[in-house]
Amino acid sequence: MIAERLEQVRETIGQAALRAGRTPGDITLVAVSKRQSVTQIATAVACGQLAFGENYLQEAQEKIEACPQQINWHFIGHLQSNKARLAARLFQVIETVDRLKTARLLDKEARSGTGLSILVQVNVGEDPRKSGVAAQQLPGLLEAIHTQTTLRVEGLMTMPPYNPDPEASRPHFARLRALAEENAARGFFADTSQVALSMGMSGDFQVAIEEGATLVRIGTSIFGERTP
Ligand SMILES: *Cc1c(COP(=O)(O)O)cnc(C)c1O
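Let me begin by describing the structure that accompanies this report. (Residues numbered from 1 in each chain as written. Predicted model: local features only at pLDDT ≥ 70, side-chain atom pairs only at ≥ 80, totals over all residues. Heavy atoms only, no water.)

Side note on the site of the ligand
And step 1. Near the ligand there are 13 residues, and of these K34, N55, S202, T220 and R226 occur at the shortest range.
And step 2. Within the backbone of G219, one N or O atom sits 2.8 Å away from an oxygen atom of the ligand.
And step 3. Here an oxygen atom of the ligand sits 2.5 Å away from a polar atom, N or O, in the side chain of T220.
And step 4. In isolation the ligand exposes 390 Å². Once the protein is present, 92% of that is buried.
And step 5. Looking at the shell around the ligand residue by residue, the classes come out as six nonpolar, four polar and three charged. (Near = heavy atom within 4 Å. Polar contact = N/O pair within 3.5 Å; in protein donor to acceptor, adjacent residues only side chain to side chain. Areas by Shrake-Rupley, 256 points an atom, 1.4 Å probe, with all protein chains shown as cover. Nonpolar A, V, L, I, M, F, W, Y, C, P; charged D, E, K, R; others polar.)

With respect to helix α1 (residues 2–19)
And step 1. In this model, α1 (18 residues) spans 26 Å end to end at C-alpha, consistent with the 26 Å of a helix rising 1.5 Å per residue.
And step 2. In this structure, the buried residues of α1 make contact with β1 (28–32), α2 (38–46), α8 (205–210), β8 (215–218) and α9 (220–223). (Helix = DSSP H or I, 4+ residues; strand = E, 2+ residues; numbered from the N terminus. Expected span 1.5 Å × (residues − 1). Contact = heavy atoms within 4.5 Å.)

Side note on the packing of aromatic side chains
Aromatic ring pairs are defined here through the distance separating the ring centres and the angle between the ring planes.
And step 1. Taken as a whole, this structure holds two aromatic pairs when the rule is applied.
And step 2. Between the aromatic rings of F75 and F91, the centroid separation amounts to 5.2 Å while the plane-to-plane angle is 70°, which identifies the pairing as edge-to-face. A residue pair is termed long-range when its members are at least 10 positions apart, and F75 in strand β3 (residues 72–75) and F91 in the loop between α4 (84–90) and β4 (93–97) qualify at 16 residues. Of the two residues examined, F75 and F91, each falls in the buried class. (Phe/Tyr/Trp six-rings, centres within 6.5 Å; stacked < 30°, edge-to-face > 60°. Buried < 20%, exposed > 50% of the residue type's maximum accessible area, 1.4 Å probe, protein only.)

Some details on the pattern of salt bridges
And step 1. Counted by the stated rule, this structure contains 14 salt bridges.
And step 2. The closest approach of N and O atoms between K130 and D127, which form a salt bridge, is 3.4 Å.
And step 3. Residue classification places D127 among the buried residues on the basis of a relative accessible area of 5%.
And step 4. The salt bridge partner of E181 is R177, with a shortest N-O separation of 3.2 Å. Of this pair, E181 and R177 both sit in helix α7 (residues 170–184), separated by four residues, roughly a single helical turn.
And step 5. Of the residues examined, E181 reaches a relative accessible area of 49% and is grouped as partly exposed. (Salt bridge = Lys/Arg side-chain N within 4 Å of Asp/Glu carboxyl O.)

Some words on the pairing of strand β5 (residues 117–122)
And step 1. Here β5 lies mainly inside the structure; six of its six residues are buried.
And step 2. Across the two faces of β5 the burial is the same, with S117, L119 and Q121 and I118, V120 and V122 all buried.
And step 3. Across three bridges, β4 lies against β5 in parallel orientation. For V93, the partnering residue across the bridge sits in β5 and is S117.
And step 4. For the crossover from β4 across helix α5 (residues 100–110) to β5, the handedness is right-handed.
And step 5. One ladder, built from six bridges, connects β5 with strand β6 (residues 152–158); its direction is parallel. (Pairing = 2+ DSSP bridges. Right-handed = clockwise from strand over helix to strand, strands pointing away.)

Things to note about the nonpolar core
And step 1. In terms of nonpolar packing, the biggest core is built from 64 residues, with I94, L106, I118, V120 and L156 touching the most fellow members.
And step 2. A total of six residues in this core trace back to one element, the largest contributor, which is α1.
And step 3. I118 has contacts with I94, V97, L106, I145, L151, R152, V153, E154 and G155, leaving out every residue within four places of it along the chain.
And step 4. Listed in part, the six residues of the second largest apolar core include V30, A51, L119 and M157. (Core = buried A, V, L, I, M, F, W, Y, C linked by side-chain atoms within 4.5 Å.)

Details of helix α3 (residues 57–66)
And step 1. Within the span of α3, buried status applies to L57, A60, K63 and I64. Taken down its axis, α3 places every buried residue within 130° of arc, on the same side. Facing away from the buried surface of α3 by more than 90 degrees, the exposed residues are Q58, E62 and E65.
And step 2. Structurally, α3 contributes buried residues whose contacts are with α2, β2 (51–54), β3 and α4. (Arc of directions from axis to C-beta.)

Examining the packing of α5 against helix α6 (residues 138–148)
Axes are the key here: two packed helices are described by the angle between their axes and the distance separating the axes.
And step 1. Between α5 and α6, whose axes approach to 10 Å, the crossing angle comes to 25°. As judged from the angle between their axes, α5 and α6 are roughly parallel. Seen from above, α5 lies across α6 with right-handed handedness. In contact with L100, A103, R104 and D107 of α5, α6 contributes L141, A144, I145 and Q148.
And step 2. Residue composition of the contact of α5 with α6, by class: five nonpolar, one polar and two charged. (Axes fitted to C-alpha atoms, helices over the stretch in contact; angles between N-to-C directions. Parallel < 35°, antiparallel > 145°, perpendicular 65-115°, else oblique. Left-handed = near helix turned anticlockwise from the far one by under 90°.)

Have a look at this one:
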């Protein structure tokens, strides 16, 4: 079941990329495995899936310790600053940095390791229920992270307000891309020519790819509904 769904998702990603005149290989699928078992993760790994996203630190720690070593783990949940150092040890990419304090704590831990990649989460929809820095505060935050830490700032991440219509997400995705371009020009990212954009979930990833996503975070379409 997971094998077929994964194949279907890859196919759909490829088609969306081609529709947008993009190269399918430029889009990385992050399989969101929150509340899915280690067995399900192992099945996806056996199908060649190597990047996984987790939201809850304690759950992730147990699973990461039980999973194959070659997995690229992305933290996509809300990051409390008192958990930052643990997150830096467990994950290869932290997608949800939205304040300097957290960045500095991640950096403290990462300096003793091999470095750490992060994305800055932006609340493009100004949704009070969502985390993320406000767009107006983004340049200041990026500049502070750039000058005060050794973190590799790969790009930006967003989660638009929930809407069952994928087209409702489009302006938010376009806005994230514009913010990435503006701030790349200021030299705030690790690689100005390749700024990562993590946007799009099961319901709206095709629209996100059309708007420039380089990382799509997909759970339900791969693993089915999550157990509560
Ligand atoms: C759960 C989650 C996803 C995946 O959502 P699906 O609708 O299951 O694809 C993606 N991003 C974040 C931040 C999430 O919390």
